[in-house]
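Coordinate analysis (summary)
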Amino acid sequence: MMLALSSHFRSRYFWRNLAVSVLVSIIAGHLIVAYDKPYSWLELWGMSRYYYSLALSSTAALIQIEFMHMVSRRLYRRFKDTGLGAKWFALQLLLGFGATVLLELAIATFLFHLHDRWILDTYFFRKLFLLVLMFIGMVNLFFVVFYYRKEPVVKVKVRSRLVSSHPSGLSVVEVPGGETALYRVNGHDCFAVSFKGEELVVKGTLDYWEGQLDRAVYFRGQREWMVHRSAIISVKRLGNKMLELDTAVKFGFKLLVSRRRTPHFLSWWNGEITEQSE
């Protein structure tokens, strides 16, 4: 769960999306506070109690929006390579809608408890619960449509070209889009894969590139591959004490860290390995 939250907070456009979520949560909080009240908006804005209730309701709405966003984003990344089908939609319904409803009930119960009230003795289920369900459903529908229209099935287009070499016989890689996300060996060739998914055939062995690159940035997982730290999104522990790396770029194979290399990876991942140490 903590890895999922960390990945969500480090996601691209997080702060832009958060600003939109805050705006939507304030609007939702206002509608909840103003619902069925015999006051005009101007009268509500003149009451100090209104702003206290608005802050609580907006915070609760923001937590739910970010939770639904996190669930939707991770489900999209899980199923985008195989297609957003029935299983994806069922999990979106179960986690995006069902789990968010449970989260809302927990938040509402806690807030009423702060004011020495039991939720079943309040107006929550009589007046507000249906509105909350509609709000959760609308946000989930937005994320379903957004990710479905974004790209139902992602296929990484790989373009390979031979990189020219220096007179010394060693090649210099200028990968489009920044540094290389992955170095890998396939047969007798060594490849460099960019963060855009472009694959370059490079001269020199993987051992050579390992010696040239910063060991605090690149991790040599197996004999066949070496990955950039920024390409790793999350780390999953497997039952056999191996690790599986979830990456931002789909390389066409799983990055598995062996049981023997797991302690070394964890030290590297925690920043205990610098460029000079090994």
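Conventions we followed
- Residues numbered from 1 in each chain as written.
- Predicted model: local features only at pLDDT ≥ 70, side-chain atom pairs only at ≥ 80, totals over all residues.
- Heavy atoms only, no water.
- Buried < 20%, exposed > 50% of the residue type's maximum accessible area, 1.4 Å probe, protein only.
- Helix = DSSP H or I, 4+ residues; strand = E, 2+ residues; numbered from the N terminus.
- Pairing = 2+ DSSP bridges.
- Axes fitted to C-alpha atoms, helices over the stretch in contact; angles between N-to-C directions.
- Contact = heavy atoms within 4.5 Å.

Digging into the pairing of strand β3 (residues 199-202)
The two faces of a sheet get side chains in turn, since along a regular strand they alternate between them. With burial as the criterion, each face of β3 is covered, one bearing Glu 199 and Val 201 and the other bearing Leu 200 and Val 202. Note that strand β2 (residues 189-194) and β3 share four bridges and pair antiparallel. For Phe 191, the partnering residue across the bridge sits in β3 and is Val 201. Hairpin remark: β2 followed by β3, antiparallel, with four residues in the connecting loop; positive phi at Gly 197, about 90°.

Re the sheet that holds strand β6 (residues 232-237)
Strand order in the open sheet formed by three strands is β6-β7-β8, and the pairing between neighbours is antiparallel. With one partner strand each, in any of the chains shown, β6 and β8 (255-257) form the two edges of the open sheet. The average angle at which neighbouring strand axes cross in this sheet is 30°, direction not considered. Both β6 and strand β7 (residues 243-247) contribute to a ladder of five bridges, which runs antiparallel. Within β7, the residue paired with Ser 234 across the bridge is Asp 246. Contacts between helix α8 (residues 262-269) and the sheet are confined to β6, β7 and β8, with β6 contributing the most and set at about 140° to the helix.

Points about the pairing of strand β1 (residues 180-186)
Counting buried residues along β1, five of its seven residues qualify, which places the element largely inside the surrounding structure. Relative to β2, β1 runs antiparallel, the two sharing six bridges. Paired with Thr 180 across the two strands is Ser 194, which belongs to β2. In this structure, β1 lies alongside strand β5 (residues 225-228), joined through three bridges in antiparallel fashion. Bridge pairing in β5 places Tyr 183 opposite Met 226.

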